[in-house]
Amino acid sequence: MGAHESMEHAEHAEHAAGANKKIALLIAVIALFLAFSETLGKGAQTEALGKNVEASNLWAFFQAKSIRRTVVQTTSDQARLSLGVMGDDAAKAALQKQIEEWGKTAARYRSEPETQEGSEELAKRAKHAEHERDLALAKYHHYEIASAAFQIGIVLASATIITGMMVLAWISSVLALAGLAFMAIGLFAPHAVHLM
């Protein structure tokens, strides 16, 4: 091999090393974005699970309050029917007083604004928890797509080093931008793009 060929080979190797450093930097940046999207995704997934449990608990509490209210109302209605056949005025007055108490209890089971534990308030709280769950799930799906784009981008950038095909690095960069776009959608407008 002549001196001229050796110099060209050395220049080519130096150029390839510089390009490889740029690709390595691209891989590192995409890996950083991947770490962010995975962290955000896990956080959103955890929040969705928590809100799902909260909504389930609130609906169970709602059902319990509804059942109690129904039992109290039914008992009150049966007692009201018994008033007509009672002869003793003192017993009639005591039963009437009990019927009024049951009515107050049934009303409290329906709505209890001070404790937020009436069936109406429980339904609102459960619907709010479901809304927060759905929002967290929408975020999670966007972060997952972003993570997939970043992972594929890393693979393609790595393949660039092996094959020397710079088009793979460009595709990797485009995938990184797509991943960033999905991360931004997940952060700021999770319902803007409906994936499922």
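Cut-offs and rules
Residues numbered from 1 in each chain as written. Predicted model: local features only at pLDDT ≥ 70, side-chain atom pairs only at ≥ 80, totals over all residues. Heavy atoms only, no water. Core = buried A, V, L, I, M, F, W, Y, C linked by side-chain atoms within 4.5 Å. Buried < 20%, exposed > 50% of the residue type's maximum accessible area, 1.4 Å probe, protein only. Helix = DSSP H or I, 4+ residues; strand = E, 2+ residues; numbered from the N terminus. Contact = heavy atoms within 4.5 Å. Phe/Tyr/Trp six-rings, centres within 6.5 Å; stacked < 30°, edge-to-face > 60°. Polar contact = N/O pair within 3.5 Å; in protein donor to acceptor, adjacent residues only side chain to side chain. Expected span 1.5 Å × (residues − 1). Patch = residues over 30% accessible without salt bridge, like charges linked within 9 Å, V, L, I, M, F, W, Y side chains within 5 Å. Areas by Shrake-Rupley, 256 points an atom, 1.4 Å probe, with all protein chains shown as cover. Salt bridge = Lys/Arg side-chain N within 4 Å of Asp/Glu carboxyl O. pLDDT = per-residue confidence, 0-100. Axes fitted to C-alpha atoms, helices over the stretch in contact; angles between N-to-C directions. Parallel < 35°, antiparallel > 145°, perpendicular 65-115°, else oblique. Left-handed = near helix turned anticlockwise from the far one by under 90°. Nonpolar A, V, L, I, M, F, W, Y, C, P; charged D, E, K, R; others polar. Arc of directions from axis to C-beta.

(A) The nonpolar core, seen in detail. Within the largest apolar cluster, 15 residues are counted, with the highest numbers of intra-cluster contacts made by Ile 23, Ile 27, Ile 30, Phe 150, Ile 154, Ala 157 and Met 183. Looking at this core, the elements with two or more residues in it are helix 1 (3-83), helix 3 (119-163) and helix 4 (166-188). Not counting residues up to four positions away in its chain, the partners in contact with Ile 27 are Ile 154, Ala 157, Ser 158 and Ile 161.

(B) Molecular detail of the packing of aromatic side chains. Here the structure, examined in full by the defined rule, presents 2 aromatic pairs. Look at Phe 33 and Phe 150: their rings are 5.8 Å apart centre to centre, the planes differ by 35°, and that puts the pair in the tilted class. With Phe 33 in helix 1 and Phe 150 in helix 3, this residue pair connects regions lying 117 residues apart in the sequence. Overall, the relative accessible area of 0% leaves Phe 150 in the buried class. Between Trp 59 and Phe 62, the ring centres sit 5.3 Å apart and the planes meet at 85°, which makes this aromatic pair edge-to-face. Of this pair, Trp 59 and Phe 62 both sit in helix 1, 3 residues apart, which is roughly one turn of the helix. For Trp 59, a relative accessible area of 24% translates into the label partly exposed.

(C) Summary view of the side chain of His 142. For His 142, the position within the fold is in helix 3. Within the local environment of His 142, its side chain forms a polar contact with the backbone oxygen of Val 193, the two atoms lying 3.2 Å apart.

(D) Looking closely at helix 4. The terminal C-alpha atoms of helix 4, which comprises 23 residues, lie 33 Å apart, in line with the 33 Å expected from a rise of 1.5 Å per residue. Three or more residues of helix 4 are buried, namely Leu 168, Ala 169, Ser 172, Ala 176, Gly 179, Met 183 and Gly 186.

(E) Broad picture of the environment of Ile 185. Examined against the element boundaries, Ile 185 turns out to sit in helix 4. C-alpha separation for the pair Ile 185 and Leu 25, spaced 160 residues apart in sequence, amounts to 25 Å. Sequence-distant contacts of Ile 185, defined by excluding residues within four places in its chain, comprise His 142, Pro 190 and Val 193.

(F) Broad picture of a nonpolar patch on the surface. Nonpolar side chains collect at one region of the surface, where Met 165, Val 167 and Ile 171 lie side by side and expose about 250 Å² of accessible area between them. For Ile 171, the location among the structural elements is in helix 4.

(G) The confidence of the model for the protein, seen in detail. Model confidence for the protein is summarised by a mean pLDDT of 91, while 90% of its residues fall at 70 or above. Per-residue pLDDT, averaged within each element of the protein, yields its smallest value for helix 1 (88) and its largest for helix 4 (97).

(H) Structural view of the packing of helix 3 against helix 4. The contact between helix 3 and helix 4 brings their axes to 8 Å, and the two run at 165°. As summarised for this structure, helix 3 and helix 4 are arranged roughly antiparallel, according to the angle between their axes. At the point where helix 3 passes helix 4, the crossing takes the left-handed sense. Residue composition of the contact of helix 3 with helix 4, by class: 21 nonpolar, 7 polar and 1 charged.

(I) Focus on helix 2 (residues 89-110). Its 22 residues give helix 2 an end-to-end C-alpha distance of 31 Å, which sits within 8% of 32 Å, the value for a rise of 1.5 Å per residue. Among all positions of helix 2, only Leu 95, Ile 99, Thr 105, Ala 106 and Tyr 109 are buried. Down the axis of helix 2, the buried set is contained in an arc of 125°. They therefore lie on one face. When the buried face of helix 2 is taken as reference, the exposed residues oriented beyond 90 degrees from it are Asp 89, Ala 90, Lys 97 and Lys 104. If you check the start of helix 2, you find a side-chain oxygen 3.4 Å away from the backbone N of Ala 90, and it comes from Asp 88.

(J) Quick peek at the side chain of Glu 112. Structurally, the position occupied by Glu 112 is in the loop between helix 2 and helix 3. In this view, Glu 112 contacts Lys 65, Glu 117, Gly 118 and Glu 121; residues no more than four positions away in its chain are not counted.

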